[in-house]
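Chain by chain, the residues run as shown.
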Amino acid sequence: MLLAIDIGNTNVVCGLFEGSTLQAHWRLATESRRTDNEYGILLLNLLHNAGFAPGQITGCILSSVVPALTATFDSLLQAYFHHIPVIVGPDTDSGLTLRYANPKEIGSDRIVNAAAAYARYHSDLIIVDFGTATTFCAVTGSGEYLGGVIAPGLGISADALFSRTAKLPKVEIIRPKTVIGTDTIGGIQSGLLFGYVGLVDGIVHRMERELGRRSTVIATGGLATVIAKEAETIQKVLPFLTLEGLEFLYHRNRLT
């Protein structure tokens, strides 16, 4: 069984694979001050509650955009699961040619998503990941990772609105009944959701014009389903794309 871990700025997402099947997954808060022992005990408890034992783990892979936690998880995986993890980086064999000016600047989660999507579709792709930041990645049909766009995530945008205004309440990010809000909550929900949908569609259209061709547009991340229901450009939603990409990259780069 493979333990795949994606360390993001807001959450640490863990997945347990048997073969290529995702058997269980968990989401933990990203806390850079937590120790390897704290996260290690958390993972052991989650495995135990799901009916698995650490001895069943035969390999580990790690993607991280939080440098302070990369070493923490590397240490706990070796201490608690007795495996040296594959750590995804620009030198990882992803099956892609990185055409970025400085590949070391690419977030490992973006490499994972792009590799997983290209392995599945082998076509021109735009991958939109709705995380703490929303990232757009362009991949060609010949497997070239060209780069993309980084925008503030919807959660960040909402938090900025609430923290910088005295009277606007914090609201749930859901589809309002109408675009024209008839009360303050509806107006905020409309601005957040439809404003962000406009951002997504606008960026995708501009990317496709610059590329000179249409692409398959894939969405992943926490709010992918909510945005995809309203966006004109998103064609597929793959909520576990990053974990599936880690499983793919582990077998492509497994240590012997």
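Here, the structure is the one placed above.
In this convention, every chain numbers its residues from 1, walking through the sequence in written order. Side-chain atom pairs in this predicted model are given and counted only at pLDDT of 80 or more, local residue features only at pLDDT of at least 70, and totals for whole chains, interfaces and linings cover all residues. Calculated side-chain values reflect all of the structure's heavy atoms, with hydrogen atoms and water omitted.

Chemist: What exactly am I supposed to notice about the overall build of the chain here?
Modeler: Starting at the N terminus, helices and strands are each numbered in turn, a helix being any DSSP run of H or I of at least four residues and a strand any DSSP run of E of at least two. For the chain, the count of helices and strands is seven helices and eleven strands. Computed over the C-alpha atoms, the radius of gyration of the chain is 19 Å, within 12% of the 18 Å expected from 2.2 N^0.38 for a compact globule of 256 residues. Its C-alpha atoms give the chain principal-axis dimensions of about 55 × 45 × 30 Å. In this scheme, a residue with accessible area under 20% of its type's maximum is buried, one over 50% is exposed, and one in between is partly exposed, where area comes from a 1.4 Å probe on protein chains only. Across the 256 residues of the chain, 46% fall into the buried class. Only the protein chains shown count as cover for residues, and the accessible areas themselves come from Shrake-Rupley with a 1.4 Å probe. When the accessible surface of the chain is split by element, carbon and sulfur atoms take 51% of a total near 12,600 Å². Residues scored as positive are Lys and Arg, those scored as negative are Asp and Glu, and His as well as the terminal groups of each chain are ignored. A single reference atom marks each charge: NZ on Lys, CZ on Arg, CG on Asp, CD on Glu. The centroid of the 20 positive side-chain charges in the chain is displaced by 5 Å from the centroid of its 23 negative side-chain charges. Atoms considered for the radius of gyration are the C-alpha atoms alone. The globule rule reads 2.2 Å times the number of residues to the power 0.38.

Chemist: Would you explain the sheet that holds strand β1 (residues 2–7) in this entry?
Modeler: Pairing between sheet strands relies on hydrogen bonds along the backbone, with the strands arranged either parallel or antiparallel. Pairing between strands is defined by DSSP: at least two bridges between them are needed. In spatial order, the strands read β3-β2-β1-β4-β5; together these five strands make up an open sheet with mixed pairing. Here the strands that pair on one side only, and so sit at the sheet edges, are β3 (21–29) and β5 (86–87). Pairing of β1 with strand β4 (residues 59–64), which is carried by six bridges, proceeds in the parallel orientation. Following the sheet pairing, I5 is matched in β4 by L62. Here helix α1 (residues 36–49) sits on the sheet and contacts β1, β2 (11–18) and β3; the angle it forms with β3, its principal contact strand, is near 140 degrees. Should any heavy atoms of two residues lie within 4.5 Å, those residues are considered in contact. The convention used is that axes are lines fitted to C-alpha atoms, helices contributing only their stretch in contact, and that angles between N-to-C directions extend from 0 to 180 degrees. Seen against the sheet, helix α2 (residues 67–81) touches β1, β2, β4 and β5 and runs at an angle of roughly 170 degrees to β4.

Chemist: Is there a simple way to explain unusual backbone geometry in this structure?
Modeler: Glycine aside, negative phi is the norm for most residues, and most peptide bonds take the trans geometry. A positive phi is found at H82, a non-glycine position, where the angle reads about 60 degrees. Structurally, H82 is set in the loop between α2 and β5. Its identity as a non-glycine residue notwithstanding, H122 has a phi of 45 degrees, on the positive side. Mapped onto the elements of the fold, H122 is located in the loop between α3 (108–121) and β7 (125–130).

Chemist: For this particular structure, what's the right way to read the pairing of β3?
Modeler: If a strand is regular, its side chains alternate between the two faces of the sheet. Both β2 and β3 contribute to a ladder of eight bridges, which runs antiparallel. Within β3, the residue paired with G15 across the bridge is H25. Connecting β2 to the antiparallel partner β3 that follows it, the hairpin turn spans two residues, and G19 within it adopts a positive phi of roughly 65 degrees.

Chemist: I tried to follow the packing of aromatic side chains on my own but got confused; where do I start?
Modeler: Aromatic ring pairs: the centre-centre distance and the angle between the two ring planes describe each pair. Stacked, tilted and edge-to-face are the three classes assigned to paired rings of Phe, Tyr and Trp, where Trp is represented by its six-membered ring and a pair needs centres within 6.5 Å; plane angles under 30 degrees give stacked, over 60 edge-to-face, the rest tilted. In total, this model carries three aromatic pairs according to the counting rule given. Across from the ring centre of Y39, 5.3 Å away, lies the NZ or CZ of R34, which sits over that ring. Comment: the charge-over-ring label is applied if NZ (Lys) or CZ (Arg) is within 6 Å of the ring centre and within 35 degrees of the ring normal.

Chemist: Looking at this model, I keep getting lost on the pairing of β4. Mind explaining?
Modeler: Within β4, six of the six residues are buried, which leaves it mostly tucked inside the rest of the structure. Of the two faces of β4, both are covered, the one formed by G59, I61 and S63 as well as the one formed by C60, L62 and S64. Both β4 and β5 contribute to a ladder of two bridges, which runs parallel. Within β5, the residue paired with I61 across the bridge is V86. Taking the sense of rotation as the criterion, the β-α-β connection linking β4, α2 and β5 turns out right-handed. Seen with the strands pointing away from the viewer, any crossover whose path from the first strand over the helix to the second strand runs clockwise is right-handed.

Chemist: Sorry, what's going on with the pattern of salt bridges here?
Modeler: One side chain can pair with another of opposite charge once the charged atoms of both are near each other. In the sections that follow, a salt bridge refers to a side-chain nitrogen of Lys or Arg positioned within 4 Å of a carboxyl oxygen of Asp or Glu. Considering all chains together, one arrives at seven salt bridges under this definition. Across the pair K170 and D159 runs a salt bridge whose closest N-O atoms are separated by 3.6 Å. Note that K170 is positioned in the loop between α4 (154–163) and α5 (184–211) and D159 in helix α4, a separation of eleven residues in sequence. The class for D159 is partly exposed, based on a relative accessible area of 40%. R214 serves as the salt-bridge partner of E208, at 3.3 Å between the closest nitrogen and oxygen.

Chemist: Just to check I follow, could you spell out the side chain of N253 for this structure?
Modeler: For N253, the position within the fold is in helix α7 (residues 241–253). Throughout this description, a polar contact denotes any pair of N or O atoms lying within 3.5 Å of each other; where both atoms belong to protein, one of them has to be capable of donating a hydrogen while the other can accept it, and for residues adjacent in sequence the pair is counted only when both atoms sit in side chains. Of the polar contacts made by the side chain of N253, one reaches the backbone oxygen of D93; its length is 2.9 Å. Dropping the residues within four chain positions of it, N253 is found in contact with V86, T92 and D93.

Chemist: What's the story with the sheet that holds strand β9 (residues 144–152) in this structure? I'm lost.
Modeler: Strand order in the open sheet formed by six strands is β6-β9-β8-β7-β10-β11, with mixed pairing between adjacent strands. Either end of the sheet is taken by a strand with one partner, and the two such strands are β6 (97–98) and β11 (236–237). Examined bridge by bridge, β7 and strand β8 (residues 133–139) share six bridges and lie antiparallel to one another. Residue pairing in the sheet places I127 in a bridge with C137 of β8. Strands in contact with α3 are β7, β8, β9, β10 (216–221) and β11; relative to β7, the strand with the most contacts, it is inclined by about 135 degrees.

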